[in-house]
Amino acid sequence: MIANPDAQRLKIVMFNQRNYKFSTQQPGRKSTLYFDDGVGNKGRIKRSDSSGGSAGIFYGSDTTWLFISPSEKEELEDNFDTAQEMFKFLIKVPGRLKCGESIDGYSLNSAPGWTVFEISSQRVHPSAGAIFTNDPDASAENIDKALFDLKFKVN
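Residues numbered from 1 in each chain as written. Predicted model: local features only at pLDDT ≥ 70, side-chain atom pairs only at ≥ 80, totals over all residues. Heavy atoms only, no water.

A.B. asks: Where do I start with the sheet that holds strand 3 (residues 42-46) in this structure?
C.D. replies: Within a sheet, adjacent strands bond to each other through the backbone by hydrogen bonds, running parallel or antiparallel. Across the sheet, which stays open at both edges, the five strands sit in the order 4-3-2-1-9 with antiparallel pairing between neighbours. On the outer flanks of this sheet lie strand 4 (56-60) and strand 9 (130-132), each paired with one strand and no other. Sheet twist, expressed as the mean angle between neighbouring strand axes with direction ignored, is 25°. As judged from the three bridges shared by strand 1 (residues 20-25) and strand 9, these two strands associate in the antiparallel manner. By the bridge assignment for strand 9, Ser23 is matched with Phe132. Along the sheet face, helix 5 (residues 140-150) touches strand 2 (32-36), strand 3 and strand 4 and points at about 75° away from the line of strand 3. (Pairing = 2+ DSSP bridges. Helix = DSSP H or I, 4+ residues; strand = E, 2+ residues; numbered from the N terminus. Axes fitted to C-alpha atoms, helices over the stretch in contact; angles between N-to-C directions. Contact = heavy atoms within 4.5 Å.)

Here it is, written out as structure tokens:
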């Protein structure tokens with residue numbers, strides 16, 4: 001979450017239709033919108049819904065998106081007993097991919113139906129839903145509305 005009010009004003013501008021890249025959605029919830037400004041800043045707008053999911057604006061300048069196929073995500077969940085073990089494995093994958101290594105079911109590019117994992121030096125955060133790109137809620141008007149709705153909810 002964006003904690004510093006000055007940082008909030010500076011970084012909130014990255015959340016616009018030009019920087020929108022894709023959405024994820026879990027059944028029964030509103031979509032989460034993902035943004036990349038092309039200069040190293042990534043973020044997402046998680047919108048509240050009637051099921052009680054928490055809303056927020058999340059931002060990171062040291063975040064890498066790692067995209068994982070549904071079958072590999074299932075295998076990941078089966079092979080690691082703890083989140084810490086999974087973190088130790090996943091944090092190494094983007095570097096290997098950037099060096100040209102091919103790893104089946106893993107990519108630095110989004111693909112419909114896959115899961116995105118946000119990886120930073122501190123943590124790994126998996127999306128709850130699958131990726132899609134034709135989100136009607138990603139219009140400029142809807143992005144502005146989501147930001148307005150959240151302006152008092154950002155810590």
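Structure's up, so let's keep going.
A.B. asks: How should the sheet that holds strand 7 (residues 115-119) be read in this particular structure?
C.D. replies: With respect to topology, four strands assemble into an open sheet ordered 6-5-7-8, the strand pairing being antiparallel. Bordering the open sheet on either side are strand 6 (106-107) and strand 8 (124-126), each of which pairs with just one other strand. Summarising the sheet, strand 5 (residues 64-68) and strand 6 pair through two bridges and their orientation is antiparallel. Bridge pairing in strand 6 links Phe67 to Ser107. Lying over the sheet, helix 2 (residues 70-79) contacts strand 5, strand 6 and strand 7, oriented at roughly 100° with respect to strand 5. Lying over the sheet, helix 3 (residues 83-90) contacts strand 5, strand 6, strand 7 and strand 8, oriented at roughly 85° with respect to strand 7.

A.B. asks: Just to check I follow, could you spell out the nonpolar core for this structure?
C.D. replies: For soluble globular proteins, the rule of thumb is that nonpolar side chains tend to be buried together. If you look at the biggest cluster of nonpolar residues, it comprises 13 residues, and the most contacted ones within it are Phe15, Leu33, Phe35, Ile45, Ile143 and Leu147. For this core, the secondary structure elements donating two or more residues are strand 2 and helix 5. Counting eleven residues, the second largest nonpolar core, distinct from the first, contains Leu66, Leu76, Val93 and Ile103. (Core = buried A, V, L, I, M, F, W, Y, C linked by side-chain atoms within 4.5 Å. Buried < 20%, exposed > 50% of the residue type's maximum accessible area, 1.4 Å probe, protein only.)

A.B. asks: Can you walk me through the pattern of salt bridges in this structure?
C.D. replies: If the charged atoms of two oppositely charged side chains come close together, the side chains can form a pair. Counting across every chain of the model gives five salt bridges. In this structure, Arg47 engages Asp137 in a salt bridge whose closest nitrogen and oxygen atoms are separated by 3.0 Å. Taken together, the positions of Arg47 in the loop between strand 3 and strand 4 and Asp137 in the loop between strand 9 and helix 5 put the pair 90 residues apart, joining distant regions of the chain. According to the relative accessible area criterion, Asp137 is partly exposed, its value standing at 28%. Between Glu77 and Lys73 there is a salt bridge; the shortest N-O distance is 3.7 Å. Here Lys73 and Glu77 lie together in helix 2, a separation of four residues that amounts to about one turn. (Salt bridge = Lys/Arg side-chain N within 4 Å of Asp/Glu carboxyl O.)

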